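# Observations on the three-dimensional arrangement
So you can see what is in the structure, the chains are spelled out below.
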Amino acid sequence: MRMYDLIQRKKEGKSLSTEEIREMIRGYTKGVIPDYQMSAMLMAICFQGMDDRETYDLTMAMRDSGEILDLSGIYGLKADKHSTGGVGDKTTLVLAPILGALGLKVAKMSGRGLGFTGGTIDKLECFPGFSTAISMEQFIKNVNSIGLALAGQTANLAPGDKKLYALRDVTATVDQMSLIAGSIMSKKLAAGSDIIVLDVKTGSGAFMKTLKDSKKLAETMVDIGTRAGKRVSAIITDMDQPLGYAVGNSLEVIEAIEALSGGGPKDLMEVVYALGAEMLLLAEKAENLDIAEKMMVDCVESGRAKEKFAEFILAQGGEDSYVWDTEKFPKAAYEKEVCSKEKGFVTGIEAERVGNACMALGGGRETKEGSIDLSVGIVLKKKKSMAVEKGEVLAVVYGNDSEKIKRAEAQICSAYKIGGTKPAEEPMIKLKISPRI
Ligand code: URA
């Protein structure tokens, strides 16, 4: 196989064989194929695309580039959930303990945040002592005894994707459907769960800005997972404004604890219940969606979900007393109200700008190695469709540095769109994608 010939063929719109794709990923992971040739291939894929078979082969080649986790020590079906990323997305923190309390085996691999979207691991590290660097034995033991455990992705999980993703990031080749689907699914398949439910975000704060593109991405990922023998489905959810009210690590954890106490924001709970119902159905723990939702509501109202969350935090070394007293979380030194300059209705809140405001405060990571300030963030007081008076508070910015607060304030001001007409409320759940039979 000559990489030159493969690039030439893809440039002409021809497809690559299974063996060629495997060789290419193997060679690139090992460093035999140089970045300049792989960059050319990525750009050719961006222009010519890949068919379904090629996309599947690419995913499997990246899955097989490293370790595949063996979760056979866990009794019963293992379930995982993946979100394509958004602002204020604390869904996992609420959903995982509910499902764990309902008898599901939640074996979750998570990442840290990069850029304007936060990562679940960073949020959980708001609990002093909490660690995701647990051994495989401990991970399996916790899933068996508690019902859930969360580990950070090991360096050897789909290393081919890791290398390719870094190259895509600097060659303007991230936003290609087959490359995104293959990248996400290679990691999910290597992580070893039997059930995978995908939360594909759509809107201004998402990777995919249109419903058409989100649907295509969801269908591609569900097809890949199903072909690989997994029980998979996807829910397309709204990310045209931040999810819930809180954005920023400890502020989001506090909102998640409120949700587990029965006081969760409506939009967040809609997403939690839709994803959870799907997971309970795929795991054969509920006969239909209504029963599944009722099980989850009862679990929250009885306090079992919150107790499960505290048990999970403690099992991974965290200070569980914070679950029962959220005043303990570190607070930012200053808070600044951002007020509306006009009367009207909130017609939109650009999620990406709110995420950037959090970054400006120091609450996000610019580089993979960067550190973050867990106490800073934004709490929205007004969401889309709400009426607002001139001078009324739109959001509160929490920060530790007055210059950074000023920059965040400017971002929040430009994120809010105020108009004279109340916009129609959009449904949170846009579509569900099930396997094509
Ligand atoms: N997340 C990933 O893991 N890969 C992509 O390509 C995009 C989002």
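The rules behind the values
- Residues numbered from 1 in each chain as written.
- Predicted model: local features only at pLDDT ≥ 70, side-chain atom pairs only at ≥ 80, totals over all residues.
- Heavy atoms only, no water.
- Pairing = 2+ DSSP bridges.
- Helix = DSSP H or I, 4+ residues; strand = E, 2+ residues; numbered from the N terminus.
- Contact = heavy atoms within 4.5 Å.
- Axes fitted to C-alpha atoms, helices over the stretch in contact; angles between N-to-C directions.
- Domains from an automatic or database assignment.
- Core = buried A, V, L, I, M, F, W, Y, C linked by side-chain atoms within 4.5 Å.
- Buried < 20%, exposed > 50% of the residue type's maximum accessible area, 1.4 Å probe, protein only.
- Phe/Tyr/Trp six-rings, centres within 6.5 Å; stacked < 30°, edge-to-face > 60°.
- Lys NZ or Arg CZ within 6 Å of the ring centre and 35° of its normal.

## Overview of the sheet that holds strand β8 (residues 344-349)
Here we have 3 strands laid out as an open sheet, ordered β10-β8-β12, and antiparallel in their pairing. Only two strands of the sheet have a single partner each, and these edge strands are β10 (387-388) and β12 (416-419). Both β8 and β10 contribute to a ladder of 2 bridges, which runs antiparallel. Within β10, the position partnered with Phe345 by the bridge is Ala387. Contacts between helix α17 (residues 402-415) and the sheet are confined to β8 and β12, with β12 contributing the most and set at about 40° to the helix.

## What about the domain arrangement of the chain?
The domain architecture assigned to the chain consists of domain 1 (3-49), domain 2 (78-324) and domain 3 (332-419). Here the C-alpha centre of domain 3 lies 43 Å away from the C-alpha centre of domain 1.

## A look at the nonpolar core
Ile98, Phe127 and Ile378 are the most contacted members of the largest nonpolar core, which totals 78 residues. Per-element accounting of this core gives the leading share, 11 residues, to helix α12 (residues 266-282). Those residues in contact with Ile98 that lie beyond four places of it in its chain are Leu260, Val272, Tyr273, Met296, Cys299, Val300 and Ala305. The next biggest cluster of nonpolar side chains, apart from the first, holds 21 residues, and it includes Tyr56, Met60, Ala181 and Leu198.

## With respect to the packing of aromatic side chains
Here the structure, examined in full by the defined rule, presents 6 aromatic pairs. The interplanar angle of 75° and the centroid separation of 5.2 Å between the aromatic rings of Phe127 and Phe329 together place this pair among those described as edge-to-face. With Phe127 in the loop between α6 (120-124) and α7 (136-146) and Phe329 in the loop between α15 (321-324) and β7 (334-339), this residue pair connects regions lying 202 residues apart in the sequence. Phe127 sits in the buried class, given a relative accessible area of 0%. The residue whose ring lies beneath Lys187 is Tyr165, and the NZ or CZ to ring-centre distance is 5.7 Å. In this structure, Lys383 is placed above the aromatic ring of Tyr245, and the distance from its NZ or CZ to the ring centre is 5.4 Å.

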